[in-house]
Amino acid sequence: MALTGLQIFKVLPKTNCKKCGKPTCLAFAMALAQKKASLDECPDATDETRAMLAEASAPPMQKVKFGTGDSAVELGAETVMYRHEEKFYSPTVIAVSVSDAISGDELKARIDTVNALQFDRVGTHIQVNAIAVVNDSGSADTFASVAETVKQASPLAMILVSESADALGAAAGKVADSVPLLACATAETADAVAKIAKDNKCPLVAAADSVDALAELTEKIKAAGVEDIVLCLKGMSLKEEMYGLTTARAAALKKSFRPLGYPTLSLVLGGTPEEQAGKALSLVSKYAGVVVLDTAEAYAILPVLTTIMNIYTDPQKPVQVEPKVYKIGEAGDDSPMLLTTNFSLTYYTVESDAEASRVPCYILVVDTEGTSVLTAYSGDKLNEKVVSEAMKKFGVEDMVKHRKMIIPGYVAVMSGKLEEETGWEILVGPRESSMLPKYLQDVA
Ligand code: SF4
């Protein structure tokens, strides 16, 4: 049962020393009760207090990691039901299956196809994060052999999918050093598969056909010594699974119900690429931590990755590009110098229109905390001082021999002060970026 802020306050040192970054012990207690602080932040808490508050300070949802090195992926550690309450932490991991019923060149081609599912979107690299080896062959030896081949041929984190404890044991024994996620343990196989997970130090997926059965199963697996557990609702319609995922999340985050305090995995195996993409999009929108798909069609995978990218951005922190001077084409010391802000959408729109003009130029991107031109100007994040400092910081004067800067038409009002501050001639560009190609061609 979660403790209230006052219950936690009673066992804190009550010195209001502020070492935790909060103004008072009471404020810290309230933050701890809301899972917005960690007891580790209070250096003066006694061991007795730590033991008493272990339950209250534990995260409501376990963080689970699989894979190794740069390819390792993290699931869980979520704290809110709705993104606008704070943010979601662990983007859904998309895995694409590789059947162990194929071999030779066909197997190699399939692995290469999965590895290549990578895209660049609005300046961000997005990709499939995991590869799921599926035990379609029914043979433990074949499953283990294909898992080994996948390990050699793919840098992606691995998921081993089988309901056979023998097959999971054989494959885990071969690829344990790459820390695969084992999927799945059921009520029937829980003892055997939990032992395999524990012996090989791998996280484990618990699978059941209801939320209640899942809670029972995770308790059993935890008692067997496996801490890193992932939940899977199997044998359900999409509607039932979405309802189940939401129920499990609410129980974990709202009620601190530990048996369901784990991330989730959904299997979307079978169906057309379009059907799989549709199901995956629905599951991503309702708390799926991992989605395993059969399709490796880029046209089906890209919308899913794009949706994840959108849902998992911090709503309080717009997507930003690095503030600096960007060179468009073969810009030289007589090329136009444009000004814009570091809101990704703004920058890439301007960049695209500047490229379309075929006029080589520079774009000075100033740090406005990721806000668009008008918002930045209204919030005083874009003013003559900010621009002047950015010009000095990025050595703009050394890049061009002229002293003219083109500013967005929407902030024409700042041209006078900007001229006074920088000594540059300020040219007011078009209000809409779409007019930039014609404007640049006329100016150049
Ligand atoms: Fe209180 Fe501990 Fe925070 Fe100090 S660090 S104010 S003792 S909660």
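What counts and what doesn't
- Residues numbered from 1 in each chain as written.
- Predicted model: local features only at pLDDT ≥ 70, side-chain atom pairs only at ≥ 80, totals over all residues.
- Heavy atoms only, no water.
- Near = heavy atom within 4 Å.
- Nonpolar A, V, L, I, M, F, W, Y, C, P; charged D, E, K, R; others polar.
- Patch = residues over 30% accessible without salt bridge, like charges linked within 9 Å, V, L, I, M, F, W, Y side chains within 5 Å.
- Areas by Shrake-Rupley, 256 points an atom, 1.4 Å probe, with all protein chains shown as cover.
- Salt bridge = Lys/Arg side-chain N within 4 Å of Asp/Glu carboxyl O.
- Helix = DSSP H or I, 4+ residues; strand = E, 2+ residues; numbered from the N terminus.
- Buried < 20%, exposed > 50% of the residue type's maximum accessible area, 1.4 Å probe, protein only.
- Domains from an automatic or database assignment.
- Phe/Tyr/Trp six-rings, centres within 6.5 Å; stacked < 30°, edge-to-face > 60°.
- Pairing = 2+ DSSP bridges.
- Axes fitted to C-alpha atoms, helices over the stretch in contact; angles between N-to-C directions.
- Contact = heavy atoms within 4.5 Å.
- Parallel < 35°, antiparallel > 145°, perpendicular 65-115°, else oblique.
- Polar contact = N/O pair within 3.5 Å; in protein donor to acceptor, adjacent residues only side chain to side chain.

A. Region of interest: the site of the ligand. Close to the ligand lie P13, T15, N16, C17, K18, K19, C20, C25, F28, C42 and P43. Class assignment for the residues of the shell around the ligand results in 7 nonpolar, 2 polar and 2 charged.

B. Representation of a nonpolar patch on the surface in the model. A surface patch of nonpolar side chains, amounting to about 250 Å² of accessible area, comprises L6, L26 and M30. Positionally, L6 belongs in helix α1 (residues 5-10).

C. Broad picture of the side chain of T264. By the secondary structure assignment, T264 is in the loop between α9 (238-254) and β11 (265-268). By relative accessible area, which is 6% here, T264 ends up buried.

D. Seen up close, the domain arrangement of the protein. Along its sequence, the protein is organised into domain 1 (5-57), domain 2 (63-311) and domain 3 (325-443). Using C-alpha coordinates to define each centre, domain 1 is positioned 48 Å away from domain 3.

E. Inspection of the packing of aromatic side chains at higher detail. All told, the structure shown has 4 aromatic pairs when counted by the stated rule. With 5.7 Å between their ring centres and 55° between their planes, F88 and Y312 make a pair best called tilted. With F88 in the loop between β2 (73-76) and β3 (93-99) and Y312 in the loop between α11 (298-311) and β13 (325-328), this residue pair connects regions lying 224 residues apart in the sequence. For F88, a relative accessible area of 9% translates into the label buried.

F. Summary view of the sheet that holds strand β15 (residues 361-366). Here we have 5 strands laid out as an open sheet, ordered β13-β15-β14-β16-β17, and mixed in their pairing. The sheet is open, and its two borders are formed by β13 and β17 (425-428), each paired with just one other strand. Recorded for the sheet is a direction-independent mean angle of 30° between the axes of neighbouring strands. Helix-sheet contacts for helix α16 (residues 415-422) involve β16 (404-407) and β17, and the interaxial angle to β17 is about 155°.

G. Summary view of the environment of H84. Relative to the helices and strands, H84 resides in the loop between β2 and β3. On the basis of relative accessibility, which here comes to 63%, the residue H84 falls in the exposed class.

H. Quick peek at the sheet that holds strand β10 (residues 229-233). Reading across the sheet, the 8 strands line up as β10-β9-β8-β7-β6-β3-β12-β11 and stay open at both edges, with parallel pairing between neighbours. The strands lining the two open edges of the sheet, one partner per strand, are β10 and β11. Strand-to-strand, the axes of this sheet are offset by a mean angle of 25°, without reference to chain direction. Here 4 bridges tie β11 to strand β12 (residues 290-293), and the two strands are oriented parallel to one another. Bridge pairing in β12 places V268 opposite L293.

I. Looking closely at the packing of helix α10 (residues 273-285) against α11. Two elements in contact, α10 and α11, have axes separated by 9 Å at closest approach and are oriented at 10°. Judged on the interaxial angle alone, α11 and α10 are roughly parallel. Along the contact surface, α10 presents P273, E274, A277, A280, L281, V284 and S285, while α11 presents Y299, A300, P303, V304, T307, I308 and I311. Looking at the contact of α10 with α11 residue by residue, the classes come out as 11 nonpolar, 2 polar and 1 charged.

J. Main features of the side chain of T92. Tracing the sequence through the fold places T92 in the loop between β2 and β3. Of the residues examined, T92 reaches a relative accessible area of 3% and is grouped as buried. Polar side-chain contacts of T92 include one of 3.5 Å to the side chain of Y312.

K. Broad picture of the pattern of salt bridges. A full pass over the atoms with the stated rule returns 11 salt bridges. The closest approach of N and O atoms between E74 and K63, which form a salt bridge, is 3.7 Å. Of this pair, E74 sits in strand β2 while K63 sits in strand β1 (residues 63-66), placing them 11 residues apart in sequence. Between K195 and D199 there is a salt bridge; the shortest N-O distance is 2.7 Å.

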